Structure formats: C-alpha cells, structure tokens
Amino acid sequence: MDFDDEIIHHVKSSAFSEGSTKLETLILSNDDETVLNYLDKRSRVQNPGQAVTDYVRALFFILGRPAREDSSSRSAKLLMLLVTKYLTLFQSKKLPNDRKCIDCFDFFVQEMDALPKDLLPSITESLALNLEGIICPEDGYELQLLPRVLRFIMSTAEVRVPGQDGEETVSSGAEYAEFVLKRMLHAKWSKVTLTRMVSIMREMQLEKTQFEEFLNKIFSRMKGADPQDLPSLVYQLLLFASKGLHKKAVVEGIVRLFEVLSRVSDENRVRQRSGTKNCAEIMRQVEGTVLLHMNFAIKQDPSLGQELLSVIRNYHRPMTSFTVALLLSIARIQRFAEGSMGLLRTLVVRSHQDYKQARDCRWLPDAVRAQSLHTAKAVEQALLQAVQYSSFGRDHIIPSVVRIGFSLFESFEAGKMAFAADSVSFEGLVGSKELGIQVLQTAFEVHEMSRNEIIEQSKFRIISLKPQQSSPVIRLLDQLVQQYPHLLLEHAGRLKECLDYFTFLNSFTASSLIKAICPLFQMSRDLQNYTVLVLRKAMFGREEAARMAATRAIIDLIISEKQSPSNDSESFPSSSQASCSQQTKLPGPVGLNLFQELKGLLRRCLSQQSRVKETMYKGLVKLVLVDPSAAGAVFDLLWPHFLRFCIPQEDGGLQLNLGACVKFQNGIISLEEPLDYLLSCVHHLLVLQPQNKTGQQSEYSLPCFGFSLSQENEVGGFPAGESFANAFINLRKSLRSCKLEEYSLDKTQNFSLETPEGEKNVEQARVFLGILEVLMNAAVSDMKNATDANHADTKNEFRALLELYGSLEQSALRKQGGPRKGSTKPPSDSKGQTQEAGSHSNLSLKHGSIAAPPSSTQEKIPFLMTSNIAYLLDASLTLFNTDISSSQPTSQHRSQGTSRKQTIHHFKLASFALKTCLRHLKAFSTESLIEGESQDPFMALVFGDIKVLGGPLVQLMSLLKSTSSSTSTQEKTRNKENRSKKASDEAGDGLIHTAVLCMDMLCKLSFTKKCLSDVLEEMLSVSSSEGEAVDDMDIEMEDIDENESPESRLIHLFLWKKMRPLLVEFLLQTHFREFEVLSGTSLFLGGKLPSHLRKVHGTWADLTCRSTKVVHNGAARALATLAVYLCIPPLDLTIGQGMACELLKVTGSEERDAIDISDVYFIINTSTRSGIVTVLLQLAEATLVDLDWLISKLKVCPLAGNVEILDGDINKPRQGNVPRSVLEETLHSRVESLVRMLSLFTEMSLDSSPADHFLRVALRLYKLLAAMTKLCIAPKGYKQSVPSSKFQLLAEVTCRKFTAPLYNFVAVMQRDQQENSQAKGVVNKIKREGKIIPNLIFHMEDYEKYLIQLSKVTKVNLMRHAKRSTARDFKILDTSKKNKQDDSNQPNEANQSDAAVSGNESQLSEREEADGSQDIPSEANVVAEESKTDSDNDSGMKISMARKRKITSIVQDSDDE
C-alpha cells in the first residue's frame, strides 16, 4: 500500500484516534516535497477531485491539532505548503472544477486557523496573481479563501511576504492587507471576477473608504456585465446591505446603475433599428426581476425602504423609468404605500412647479430654465415609460399605477398646479392632469387586470367628487370610449350603476357623463335604453339641476344618433321597453325615430322652469346645426308654445304677452317663460332654414352632413316654419312702431325692487330688453346683406329699436339704483346696462329683501353675434368720422340742433355696441369654461371668430381719445357749454373706459384661446386716425430678431404702435382709470416677450416715470409697475432703488424734511407716494419668492466635495447643468440689490399700514439670509470653502445699511406709538406689531448667529460691520420722563457712544467669540438682560413679572412660527 493510501486508510479506520501520533511521525519522517508529490500523483487518476480531496482532508486531520498548538511547527508549515500546492494545481487546470474540489475550498476556510498566520501572504499572493486570469465561468472559486485570509492577516503584527526571487520581506499585517486590497482594486476584473467578488464582499471586513472604493469598482464593472447576471449581483448586494452595513450606499448605487443602463438602452433603441428591440426587451425583463428582488429585500428589512425613499427624495438627477417603477413596486408594501405614492406625486408636481418658477424668474440664467424644462420632461417620460414597460414582469405594480394616475388628478385640483401646464400646453409638457389621463389610458390598454379597477375608481370619483375634481375623470372616460369602445362595453354594468346617481350629480357633470358614453349607444341597445329610462326619471324629478342635465343629455343623445354612421335600415325598438343586454351594433338613424320618440320629454321641458327651457332652446339650435333636416320637427314642437306668449292680432301684428312670462305667487316672483331665449332660438332656426325658398334644399342639408330631408318632413314641417317666419316679421313690424306704454313699461310704472309690483315690472323689462336685442341682431344681419333699397328701411328699424331699448333701460333698470339686493355680482361697468349675474331666475320677496340670483358661473349668453357686434362697431366708427368731418362752424341754430341730435344718437349706438361687446366677451369666457374646450356648434354660431372685434375696437378707441382731447381743449376757451353737449362729452368718457375694458378682455381671452397672434394681427392691420409714421419707430423695430417667434414680433409691434400712444394720451388727458386698465394689458402682453424686447418697453416706462408728472395714485402705481416689471434684472431692482431714494426725499425722515415732488421721478410726489411704496414692497415680495425657490434648489444641489458611489461617465456633470457656484453668485448679487433697495425704507417716515408691510418683508428677508448663510456652512464630511467675495459684500451691506438702521426704525415706531397712545386704532396696531417685531428681532439674531458660525469655520471675519442689538420691541418707553433726561444725559451718552465704538473696533474678535458661544437666549436670560437694561436707563420704571412672562412667550412663539 502506498504512503498516501495508507494515510487515508488509517484516517478512515476506527484505529485513527489510537495511532494518530504514529501517523504524524510517519508523515513528518518524509520530506515536504515527497508529501506534496502525492498531490500531483492523485491529480492524474481517473477521479482526481475525490482522490485529492481525501488526501488533503487526511493530512489536515492528522497534522491539524499539532499545527494549532504550535503555529511555527513543521506540521503547520507543511499544511501551508499543502494549501499552496492545491491552489497551484487548481489554477493550472490540473484539478477539475467539480463539486469535490470546490468543497475543498470550504474545508480550507474552516481549517484556516491551523495555518501559520505569518505565512498566509503566500495564499493572497497566489490569489492576486491569478485575479486577471479568471475568465471562464468555472474559474474563481478559490477567491472564497480571501475574506478569512485577510481577516487573519489584519490581526497579525508581522507577516512574511514571499518575493518573486524567493526572498521574503517582513511587513505589518494591516499594511499588507491594505496593499493587497489596492492591488485587487487596480486589477482588471472580468465578468466572472465581478460575480465572485460580489459574492465574497459581505464577508470581508473593510473600512468605510475601502468599502466605497470596492463598491465603486463593482458598480462601474456592472455596467458592462451581461444583463442576465445583473439580478444575481443585485441580490448579493442586497444581502450585504441587509447585514446593516452601508445600506444607503448600496441602494443609491443600484438606483444610479439602472439609471445609466436604462438611459443607454433607450438611446440604443432610438439609434438602431434592427436587433435592438430584443436587447431592450431583455433589459426590461431584467429590471422586472430586480424590482422583485428589491421588493422582497425591503419586506425583509424595512430600513432598506427608508433608505431608498431618502435617496430618491434627495436625488438631483432626472428620474428614469426604473426609478418610477421602483417607487411603484415598494408602494405595494403596506408600510411604504403612502410614502412612496406621496413622493412620486410630489416629484411630478414639483418638476412642473420648478419649471414654472424658473420660466417666470427673469434673473436666472437661461441654462436653469432649460435644465428645469428637461427635468420636467424627463419625469413625465419616465412615468409613461414605467407604465408601458409594466408588461415585462412587473404585474405587481399595476395597482400602484392606477393609484398614481388618479392621484395626479388630486394634485391638479390641489391648487398649486393650476397654471398653464394644465390649461394650455407649454414647451411640450402635458401637465399633471393630462399626464394622469395618459397613465390610466395606457394601463387600461396594456393590462387587463387594471381595467376593472380603473372603471370602478372612475365611477366612485364621478359620484363623490365636486364637478371641478371629476372633470378629468370624465375626460378619461371619454377617451377610453373613443379608443376602446368594445372593452368599455364589458363594464356596462358599472356604467349603469354610475347612471343611477344621475339625479344626484351636478348638472354639468351629469350631462358630461352622458355625452362621454354616447358613442357606446350605437353598439349596445341595452345601455341606450337604460340611459333613456334614467333621463325620463330625471325629467320627472324635483331638482331643477337634474332636469337641466336631463335636457342636455337628451339633446346630446339625439345628436349622437344623428352623427353615427348608417349601417342598417332596421329601426330601433322602443327605448321605453325593458330589453336584455345586447352588444350588437345598432343601426344608423332612420328619419327622426329617436327625436320623435323623445319629443314627449322635450315637450315636457316646455312646462319646466325657465332655466330648463333656456337649456332646451340652445340645444335645439345645436341639433339643427348638426342635422338641418330636424328643423321642421323643431318648428312643429315650438309653434304651439310660441302662440301662448305671442298673440296674433286682427291687423296682422303680433302682441307680446309679457304678463304671462312672469308669475307672482305666495310671495315668490318667478320667471315662467324666457321669451327672449325662445325668440333667439326661432331666429337662429330661421337663419339656418330660410322659409322663403320652399322646395329648395338648404346648404345645411347637403350630403356632406350625412342627412337629407325626407318628403314627409318637407310636407309636414314647412308650414310651421313658414308660420314662424311670418310671425317673426310681424313682430319686428309691431315693435318698430310700438311704445312702452303698450306694455306698461313706461316711466310712469313702478320699478322699485322693494315692492312685488316693481319687481315684476323689472323682470318684464329685462325680458323685453332681451327681445329687443334679438330683433336688433336680426336687423343687423339684414343690414349686412341688404340691398340699397332695403338698407335704409332696415337702418331705420334698428334705430327705432335702439331708441326703444335706451328708453326702457333708462326708465326701468336705472331706477333700481344698482343691482338686486343680495346679488353677489358687482355692478356693470357701463352705467345704463345692468344684466343679471345668471339667467332669468326666481326671486323671493321676504321682509323687504330680494333673494340673490343664482351663481354667476351661468352667464347669460348675449343675443348679438360676434360678427354683428363688429358691424355695429364699424358703423359707429363711420358715423363718428362723419361727425368730425362735418363739424364746421355754422350760424344756423337749426343745423346745430340737428347735428347735436345726430351726435347723441351716434353716442348711443357706440355705447350699445361697446357694452354689448364687453358683455359678449365676458359671456364667452364663462360659457367656454362651462361647455369645455370641445368644438360646440352653438358656441361657434354665436361667438364665431372673436378676432374681428380687434380692428374696430382699436380704431374706435383711438377716435374717442382724439375726440376727448379736442373737447377738453375747447372747454378751456368756452365760457358756457350747452347742456346736451356736456352730456355727450360725459358719455364719450364712459365709452373710452368701456372700450379699454373690451380691449383688455379681448387680449387676455385670445391668449387663453390660443388666438392672440390673429387678434394682434387684426389690430395692427388697421391704422389709427393720427397716423403711425414716427421716425424713431423704425429704429426700435431693429430690436426684433429675424428668428423671433411670430407671436413675440406681433406683441412687440402692438405695444409699440398701439399701446404706447394710447398710454401717453390717457396720461395727458387725465383718463387715469383707462390708463390703469391699459397698463395692466401692456404688462400682461409684455410678460410674454423675450428679455431683450421686454427691456425696450421697460426702458420707455422708466423714462415716462421720470418725465411725466402724475398726481393720481392709481395711475402712478400702474406706471411704476410697468417700469419695474418690464425691465430685465438687475435693472428692475436698480430702478426700484432709484425710486426708493427719491421716495425717501418725498416721505421725509428724522433728519430731513419732506419735499413735495421728486426732481428725478416726477410721478413720485405727496399724492402718489403710498402707491409707489406699495409697488416697491410688492416687487421685494416677488423677488423673495424667487429667492426662496432658488435656495430650495441649492439645498439639494451636490456640493463640490461630494464623493460619488459610481465612477466613470456616471459622475460626469450632465450637459446643460449650471454649476453651484454660478447659482450662488447669482443669488448673492440679487439679494444684495434687494437689501440696498430695502435699506432706504428704514429711513422713511411711513404710515402705519406701509410700515407693517415693510416689517413683514424684512422678516422674510432675514429668514432668507439665515438660510443662505446656513448653506455656506459645509456639512460634516465635506471640505469647507471660503465665502465668495459676493457673499462677503452682502454680509457687509446687510450689517451696515440694513440691520443697524432697522433697529432705529423699530425704535421710532415704538416712540410714535407711545406719543399717540390715545389715538384711535393704536391698541390694535400695538397688538399687531407685538407679533411681528419679536419675530423679526429673533430672525435678525438668528442670521447673525449663522454669520458667527461661518466666520469661525472659515476664519473670515464676517461680523466686523455688525452692531450689537440693544433695542427690544417689548421695552416700555416713558416719553414723559425720558425727554427730560435726554437733554442732561446727551453729552454723557455721546462720549459713551464714542467709547463704545472704539471699544468695538479694538475688541472685535473677543466679541465674536463670545457671540459665537451664545445660542438663542433662553427666557430667563432675556428677562434678566432686559431687566438690567431697563434699570440702567429707566430707574423709575418697573416692569411686572406677568408682563415679562407674556413678552418672553411671544419670543418663544415666534421661534415656533
């Protein structure tokens, strides 16, 4: 038996324990080379793994005990040689990579304590030398020896390191271990080496820096690893993190790694067309597996979830789809559901808010705006991609996807996202509301399991939420119906459950719901029949809102049937019959089946409340617009009802039964019939279906509409239509020559709102005014298309109607003395045109008061169409031009009287046109919000294209302005003025104001409707009466860049050519109200311009402020606002500082007297100083808001000394990022300018209200200064940098020019309070300031505390210009005793003050050290200090302890605030 077989045999035999010493002697009797040669021999047998392992284990069993007893013995050294030999055989491929050989390494790890510790470097050298040779997947198992080997080496004082030439060197164990780790870090790792190193890393004992280096190496190599290996690597890292070591670093590294991989995958997918799709899908599958690993690890160790949320919350890079999916994944864990959902919603909302803030903040670098836009787009794209990729092994996140989609609706309604992102798309962003719709729509398409939850949540939110909150849900439902109708039909049961609540929903919510699901009716008879049953039930309900919603829904239902394609000639079964669920597609419309079936419900609407009738009348017009063939049936429906209120006379005329329109019963006045709406409906129907062309098809019934008139309708429908046409003509003839006495509406009637009779007369007058508007609309339409023969007759008719309208308006509505009692709507801007806030409504008379009308959201639609209003404006313009050209001196008194009458009539026409235009624009904005942004045919008919109003408005306003100017000039030379002429002049001033209001609303409304360019182009296309050829105009036009957007070019030209001359003329003619409105319009339009164009208009406004004297407070405030807000930073604060300097001269101070007017800015004088103060303080507040936002961004911006987890291109700054130093310098410069401007207010003598406003601004400023200073102090672990020169200058300016004077300002305020303690309102003022001043003092000292801390860590004296605060807001000043002591103590105090100043300069460093060691004083210290101060200065004054406790509690409360 050979030596090796004998050893193995004895070890396995039972006699091993008795002969172990003999075997040890036998082994040691051979030399080391002989013992090791048997390893080579056994490695060449048939089963080498088993043979070598048995031999190695036998030797360890025999020599292990003596080796442990004496590590320097020959047994220990032989075992070391044995391990080294085994490593050599394994690394040279002489031993197979089977389970036996791999288990042998585990055996070595267990028996490692038997090896001499000073010789262990021979193992590490072998491992390190072979590290780069690990390539094949079967290699690298020997690396599992490394953790325990290094642990023993670190615990050994000295080790012997073998050299290449065979010599050994002695080294410290810790130093050698660190050397080995560095060698491994600098070696090239293969993919196999990476896997092996990650698996053993959790067993290695590393210091923090070493761990960060290894982790950095691992993540950098994981970027090039195979995607299939990533889940296992991440799992090993999570196992390591679960041990409680470096959790944050591991989680952050995983997030950043997949951020890079996801971005690279998306770029490759875009760049390549073939072969990339499979790679991208594999990457998505890998991410799904990693998400499951992360989810499981967080369930086992919740602290990992906390670290993950913290990492993502402080993440300063754009989010990726993996980050979003990770948040959605951990949201499935109940413990982190709220936190992860709230964080994801916050990230989306905050990205939009940051972009809006950066876009509106004019002093930030352009790169910040670009970066904010890029971040917002990245967040939206990441969320949508996470939903799209959720089909790749991420089914567990689907409930979270549905939840975040609906959660985005809530964030939109929270109020902070109610900006252009959700109403008007900007720069490619969709906004939170649209983003939520897209998320849910994608989830509905991709995942079948999400559909039930989406429909159920939609149903619940439609039923339970307010109309504004449920509107995006209904919009989502509408889009789902349009794109996936068959899938929606599978959930018809839930839609029916939602319809069951129809009568309890808001009117517009209910009608919008029906309109959204209308396309499904063509595919499901059962759903349509069920809807009709619901509508029938609602029509017989008690609630007026439910009836209105049912009326709208019925009209939409009929229109939906008309718009559906015709596929079958089969007709519907009766919708009133109960039917089973049928999913087959319904046949197309045949004749008027559904209309005829629902005609009974429409006829019932004619007996409902007036608002229900108004809704039906508008709906019928909409129906005829969509389907002209329905006109005959509509005429038949309305004719009997029409005859109840329009009674034919024997002479062929028509008498209006206004008494039947208004009913008074049981003390309640109600409107029975909105006759004006009925006549408006009839007029629109007659225009759409002219009745004088019997037998001819209307252009609205052409085949392009998909409808044609049947023979039955031609025969049975036209008689009612012809009757309506004749009746309408007769009505126009009757009212043309009627008098108000015929309808009991003349001046002799009672129109007092205090009596039932007067209230009834007022309601009848309002109805009659609406009827006159309808007839005037018809007359204007005829005038536009009339021939020369008929034009004069139609013109006379319109003039008669206008006179009747004016007389009734003057006699009835003006006697009311304003709007109805209790009305929430303010009076109309025009004197003679008072309209209701809503439609005709019920009025209750109880105890002499009138109930308020319904909500103003339901604005009454004007009866004149946009094109007709524009025609009236053009006609007024023509008449005024005629008056001006014919106004020549004449001696004939009769000619003068005729001319004045014509002028008065022209003013009446212009007044009516402008007031109607203003009401028309207001109604358009309100009605568009109610009806939504969809293309409503009725809205298109009534409102049309609003841009046609622009040109006439500009021309008329320019003409009225010039007329007013000439009139005011003539007044100076005229001793006596005719009474009628004076009235016309006053009317002209009112017309200017109305025209200005119209232009302001037109510009803002056109911007909302995305047609601002068209409106401005229309306004610029007309020329003013004074001409526009100005020499310097062409010079200013050179500022427009060729690459400028068309809208910016038009805005600039409009402001220059139109607005500037008007603003100047309004100032010269003292039209201050008009100037305020027009300056607001200029500010609105100027805010849409780029910086270089905005600067042109801001400079002009600044020059106007310097050269024009204005004594009107509102006009001065408006002009100053234009100057400071249109100028680009830093010029805005520079101008503000200049105005504040001149304002100081006008307001005066303690040292100087006030002057009447500034010699630099003529708008600043004693009459306008309060307005200028308000403008400057509002500018400061707006600047502070922007500065607060920038500081919040700097808090999450990485510092210069930040150590990144990942290396390589991951750590490189992203392109377009703004360095932190640039942002800080911009911030410090801006704050310095603001401090310089506000420092001038500390010397002013301000009244109570401006002073309080200034103190609040100062309080916010010191909070911001403290936050800025705190940011300059480097956190622990970061290198402290020296404050920049900008910051040092800011600290100097603040301490010298603001802090010290502010203490004096507060002291003067308190002195004035004590002197005027008996004045009215002083007690409330003291209480108010008792809350502001302690808080202000605290934050001033808090700012100085951070300055002291920063001075200590940077060795830069930032407090050298500071003055120790001595004033306290709660010190009681006894002015009666104090004044006597001031004279005697003045020399003493002066000397003491000089000594104190010299002492402050010589002992500055000692004071700073003392201040630095002091925190915020406690209550006891404050009381003690103040007691000492009061006893020194006011010995005769004693403060009660109760008062002290109250004051100190105020200081403490301010800290909490």
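Because the structure is a prediction, the values reported are computed rather than measured.

Here glutamate 142 shows up in the loop between helix 7 (121-129) and helix 8 (146-154). We note that glutamate 142 is buried and unpaired, the nearest opposite charge coming from arginine 196 at a distance of 7.1 Å. Engagement of the side chain of glutamate 142 in a polar contact is seen with the side chain of asparagine 130, the distance being 3.2 Å. If near-sequence neighbours (up to four positions away) are discounted, glutamate 142 is found in contact with Leu87, Phe90, Gln91, Phe105, Leu127, Asn130 and Ile134.

Attention now moves to the pattern of salt bridges. Per the counting criterion, the structure on display carries 48 salt bridges. Residues aspartate 354 and lysine 1193 are paired through a salt bridge, measuring 2.6 Å at the closest nitrogen-oxygen approach. Of this pair, aspartate 354 sits in helix 17 (residues 337-360) while lysine 1193 sits in helix 48 (residues 1169-1196), placing them 839 residues apart in sequence. Where salt bridges share partners, they join Glu456, Lys459, Arg494 and Glu497 into one cluster.

Our focus in this paragraph is the side chain of arginine 1094. Of note, arginine 1094 is situated in helix 45 (residues 1091-1107). A distance of 3.4 Å separates the side chain of arginine 1094 from the backbone oxygen of glycine 1086, its partner in a polar contact. The contact partners of arginine 1094, leaving out residues within four places of it in the chain, are Arg362, Gly1086, Gly1087, Leu1089, Tyr1125, Leu1126 and Ile1128.

Detailed reading of the predicted coordinates is not advisable wherever pLDDT falls low. Of the residues in the chain, 76% reach a pLDDT of 70 or more, and the chain-wide mean stands at 78. Looking at the elements of the chain, mean pLDDT is at its lowest for strand 8 (residues 849-850), recorded as 28, and at its highest for helix 46 (residues 1113-1126), recorded as 94. pLDDT under 50 marks residues 413-425. Its contacts with residues more than four places away, or in other chains, come to 26 contacts.

Moving on, we get to the packing of helix 18 (residues 366-388) against helix 21 (residues 431-446). Packed helix pairs are specified by the crossing angle of their axes together with the interaxial distance, meaning the distance between the axes. Look at helix 18 against helix 21: their axes get within 9 Å of each other, and the N-to-C directions meet at 15 degrees. It follows that helix 18 is roughly parallel to helix 21 by the angle criterion. Considering only the axes of helix 18 and helix 21, their crossing is right-handed. Residue-level inspection shows Glu380, Leu383, Leu384, Val387 and Gln388 of helix 18 in contact with helix 21, the latter providing Gly431, Leu435, Gln438, Val439, Thr442 and Ala443.

Across the junction of proline 1129 and proline 1130, the peptide omega takes the value 0 degrees, indicating a cis bond. Structurally, proline 1130 can be placed in the loop between helix 46 and helix 47 (1131-1147). Of note, the phi angle at lysine 1010 is positive, near 65 degrees, even though the residue is not glycine. You can see lysine 1010 is positioned in the loop between helix 40 (979-1008) and helix 41 (1012-1021). The phi angle at threonine 1070 is positive, at roughly 60 degrees, despite the residue not being glycine. Relative to the helices and strands, threonine 1070 is located in the loop between helix 43 (1046-1068) and helix 44 (1072-1086).

With that out of the way, let us pick up the packing of aromatic side chains. For the structure on display, the rule yields 29 aromatic pairs. Measuring from ring centre to ring centre gives 5.2 Å for phenylalanine 211 and phenylalanine 240, while their planes differ by 25 degrees; the resulting arrangement is stacked. Taken together, the residues phenylalanine 211 in helix 11 (residues 208-222) and phenylalanine 240 in helix 12 (residues 230-241) connect sequence positions 29 residues apart. As far as burial versus exposure is concerned, phenylalanine 211 and phenylalanine 240 are alike and both buried. Between phenylalanine 880 and phenylalanine 907, the ring centres sit 5.1 Å apart and the planes meet at 70 degrees, which makes this aromatic pair edge-to-face. On the criterion of sequence distance, the pair formed by phenylalanine 880 in helix 36 (residues 866-886) and phenylalanine 907 in helix 37 (residues 893-931) is long-range, its members being 27 residues apart.

Rules used in this analysis
Residues numbered from 1 in each chain as written. Predicted model: local features only at pLDDT ≥ 70, side-chain atom pairs only at ≥ 80, totals over all residues. Heavy atoms only, no water. Helix = DSSP H or I, 4+ residues; strand = E, 2+ residues; numbered from the N terminus. Buried < 20%, exposed > 50% of the residue type's maximum accessible area, 1.4 Å probe, protein only. Lys, Arg positive; Asp, Glu negative; His and termini not counted. Salt bridge = Lys/Arg side-chain N within 4 Å of Asp/Glu carboxyl O. Polar contact = N/O pair within 3.5 Å; in protein donor to acceptor, adjacent residues only side chain to side chain. Contact = heavy atoms within 4.5 Å. pLDDT = per-residue confidence, 0-100. Axes fitted to C-alpha atoms, helices over the stretch in contact; angles between N-to-C directions. Parallel < 35°, antiparallel > 145°, perpendicular 65-115°, else oblique. Left-handed = near helix turned anticlockwise from the far one by under 90°. Phe/Tyr/Trp six-rings, centres within 6.5 Å; stacked < 30°, edge-to-face > 60°.

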